[in-house]
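Each chain, written out:
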Amino acid sequence: MKNKLLKAVMAIMFTGLSTLVLPAGVNADWKQNSIGWWYEDGNSYATGWKLISENWYYFYSNGYMASNTAIDGYYLNSSGAWVPNAYVGTSKGKTLFYINRGYEKNNKKYIEGYFDKFVTDLDEARDYERRTGHQVIVHDDNGDYIPDDGFDMPISNTTTLEVADNVNISEIDFNSKGQVLIVNKDFNSIIIGKYKDWPIFEITIKDGVVTELHQEYRP
């Protein structure tokens, strides 16, 4: 679908069309403008989850399609389609994101990194080892096991997410006794990289914008 969408965008550029355009080869109910894609559903537009041509898509309350993000813990690629077996987090609704950097541009806040999945299943870990060549399973006299009860597995390419101005941020800190503390921070702590020891955050995304960032402790 990505190639079809790209062809549609190129067609717009060369023909000068500026309003609703249907991507070639895609169901005629798909529509696009300068903001994004939506899907006509009867006399209205689709919202929430919708199965289209054997792919699941998510549409925000304003009708526009979500892409390069996670909704309800499920990763959607750059074409907006749900990626099977790319469930984010350890429980429904928990979305994990590995932050490489945070920055501000044109008075907006952004984080750049990739969606992450905490893997605890041995079969899934074995599949990861086969695909990547990275060893994450220990084999000894006690059998096979994953150290630290699991490992973080990237499930997306590098992605940039917009962050709300009033984003709620909590990070890991320690007191004088070495006990873990949760402290509230502002976005400047993300920009200067104070989180680098544990760059995994549980994030909340609403209408395509990150509203919460909570650092995940990795002992």
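Throughout, residues of each chain are indexed from 1 in the direction in which the sequence is written. In view of the model being predicted, local features appear only for residues whose pLDDT reaches at least 70, and side-chain atom pairs are presented and counted only at 80 or more, with totals across whole chains, interfaces and linings using the full set of residues. Calculation of side-chain values draws on the structure's entire complement of heavy atoms; hydrogens and water are dropped beforehand.

- Under the annotation held in an unreviewed UniProt entry, the protein chain carries the name Autolysin and is attributed to Clostridium saccharobutylicum.

### So, the UniProt feature "repeat: Cell wall-binding" (unreviewed entry) in the protein chain
Then step 1. The sites that carry the UniProt feature "repeat: Cell wall-binding" (unreviewed entry) are, in the present numbering, residues 46-65.
Then step 2. Here residues 46-65 runs as 0% helix and 50% strand, with 9 Å between its end C-alpha atoms. UniProt positions are given in the numbering used here, feature names are shortened, and annotations may be inferred rather than shown by experiment. Labels follow the DSSP assignment, with helices taken as runs of H or I lasting at least four residues and strands as runs of E lasting at least two, numbered in each case from the N terminus.

### Overview of the pattern of salt bridges
Then step 1. By convention in these notes, a salt bridge is any Lys or Arg side-chain nitrogen within 4 Å of a carboxyl oxygen on Asp or Glu. Summed over the entire model, instances satisfying the criterion amount to eight salt bridges.
Then step 2. Notably, a salt bridge pairs Lys31 with Glu40, separated by 3.0 Å at the nearest N-O pair.
Then step 3. For the salt bridge of Arg126 with Asp144, the shortest nitrogen-to-oxygen distance reads 3.3 Å. Taken together, the positions of Arg126 in helix H2 (residues 122-132) and Asp144 in strand E12 (residues 143-145) put the pair 18 residues apart, joining distant regions of the chain.

### Brief notes about H2
Then step 1. Three exposure classes are used, based on accessible area relative to the maximum for each residue type with a 1.4 Å probe and protein chains only: buried under 20%, partly exposed in between, and exposed over 50%. Every buried residue belonging to H2 is among Ala125, Tyr128 and Glu129, and all of these are buried. In an axial view of H2, the angular spread of the buried residues amounts to 100°, which keeps them on one side of the axis. Looking at H2, the residues exposed on the side facing more than 90 degrees away from the buried face are Asp123, Arg130 and Arg131.
Then step 2. Contact partners of the buried residues in H2: strand E10 (108-119) and strand E13 (151-154).
Then step 3. Taking the backbone nitrogen of Asp123 as reference, a side-chain oxygen 3.1 Å away marks Asp121 as the first, capping residue of H2.
Then step 4. One or two positions beyond H2, positive phi appears at Gly133, with a value near 80°. Think of it as the arc spanned by the lines of direction from the helix axis to the C-beta atoms. It only takes one pair of heavy atoms within 4.5 Å for two residues to be counted as in contact. Two N or O atoms count as a polar contact when they lie within 3.5 Å, although within protein this holds only if one can serve as hydrogen donor and the other as acceptor, and sequence-adjacent residues are included solely when both atoms are side-chain atoms.

### Considerations on a nonpolar patch on the surface
Then step 1. The residues that make up patches have over 30% relative accessible area and no salt bridge, and they are joined within 9 Å when like-charged or within 5 Å when they are Val, Leu, Ile, Met, Phe, Trp or Tyr. Methods summary: accessible areas were calculated by the Shrake-Rupley approach with a probe of 1.4 Å, and residue burial reflects only the protein chains presented. A cluster of nonpolar residues, Phe174, Val180, Ile182 and Tyr217, forms a patch on the protein surface that exposes about 350 Å² of accessible area.
Then step 2. Mapping Ile182 onto the fold places it in strand E15 (residues 180-185).

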